[in-house]
Amino acid sequence: METVIAGWAAGYMMAILTTAALTFLVASAAGGSVIRRWLEADTPAILSAVPISIGTSLLWTMLGLVLAATYELGGFADGAGAAGAPSLSFAIGAAALGWMPVPLLTLLWRRHWWIWCGLAGSFTLLFGWVMPLLAAR
């Protein structure tokens, strides 16, 4: 049960970070034009933070539960740890999964490379290190 709660918590932390990043993109000139097509003319783009928050909370907490189940059922807790991670193999898998979309996102939106790298690093830290550490407590 601790692993499930740890996965949900890591997913929720990731949802908060993603909400901040997406709200920044929507409020900026680059992302605002795409969102403005869906909003009424007088509606501020920053109000899109509410549906972004709801959507990211649902998606990331569900992904956190899936990763927690993978960690638990895959027996990664019993694996060898390194660099502060309880399971080196799970940390490497989380890093691979987290950094996978960065090249494509950087090609599509080169100006915001720092957002993609920050989110990928956060994903790697939260799911590769924090979730397994919380699950072990």
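Our subject is the structure that appears above.
So, here is what we can say about the structure in this document. Given the structure is predicted, the values throughout are model-derived calculations rather than measurements.

### Considerations on the overall build of the protein chain
Counting secondary structure elements, the protein chain contains 6 helices and 0 strands. Counting from the amino terminus, helix and strand elements in the protein chain follow one another as α-α-α-α-α-α. Burial statistics for the protein chain: of 137 residues in total, 36% are counted as buried.

### Examining helix α3 (residues 49-73)
Between its terminal C-alpha atoms α3 stretches 35 Å, which fits the 36 Å expected from 25 residues at 1.5 Å a residue. Those residues of α3 that sit buried are Ile52, Thr56, Ser57, Trp60, Thr61, Gly64, Leu67, Ala68 and Tyr71. In this fold, the buried residues of α3 make contact with α1 (2-27), α4 (88-99) and α6 (113-136). Among the residues trailing α3, Gly75 stands out with phi positive, at a value near 70°.

### Details of the packing of aromatic side chains
This model, assessed by the stated rule, comprises 7 aromatic pairs. When the centroid spacing of 6.1 Å and the interplanar angle of 55° are considered together, the rings of Trp109 and Trp116 count as tilted. Judged by its relative accessible area of 46%, Trp109 is partly exposed. Pairwise contacts between aromatic rings join Trp60, Phe123 and Phe127 into one cluster.

### Points about a nonpolar patch on the surface
A cluster of nonpolar side chains, namely Met1, Val4, Ile5, Trp8, Tyr12, Ile16, Met62 and Leu65, defines an oily patch on the protein surface of about 810 Å² accessible area. Every element with two or more residues in the nonpolar patch is listed here: α1 and α3. Among the elements that take part in the nonpolar patch, α1 stands out by supplying 5 residues, more than any other. Looking at the element boundaries, Ile5 is found in helix α1.

### Observations regarding the packing of α4 against α6
For the pair α4 and α6, the least separation of the axes is 8 Å and the interaxial angle reads 160°. It follows from the interaxial angle that α4 and α6 lie roughly antiparallel. Crossing geometry of α4 relative to α6 is assigned as right-handed. Within the contact between the two elements, α4 uses Phe90, Ala91, Ala94, Ala95, Leu97, Gly98 and Trp99 and α6 uses Cys117, Ala120, Gly121, Phe123, Thr124, Phe127, Gly128, Trp129, Met131 and Pro132.

About the cut-offs
- Residues numbered from 1 in each chain as written.
- Predicted model: local features only at pLDDT ≥ 70, side-chain atom pairs only at ≥ 80, totals over all residues.
- Heavy atoms only, no water.
- Helix = DSSP H or I, 4+ residues; strand = E, 2+ residues; numbered from the N terminus.
- Buried < 20%, exposed > 50% of the residue type's maximum accessible area, 1.4 Å probe, protein only.
- Expected span 1.5 Å × (residues − 1).
- Contact = heavy atoms within 4.5 Å.
- Phe/Tyr/Trp six-rings, centres within 6.5 Å; stacked < 30°, edge-to-face > 60°.
- Patch = residues over 30% accessible without salt bridge, like charges linked within 9 Å, V, L, I, M, F, W, Y side chains within 5 Å.
- Areas by Shrake-Rupley, 256 points an atom, 1.4 Å probe, with all protein chains shown as cover.
- Salt bridge = Lys/Arg side-chain N within 4 Å of Asp/Glu carboxyl O.
- Axes fitted to C-alpha atoms, helices over the stretch in contact; angles between N-to-C directions.
- Parallel < 35°, antiparallel > 145°, perpendicular 65-115°, else oblique.
- Left-handed = near helix turned anticlockwise from the far one by under 90°.

What is shown is where atoms sit, not what they do.
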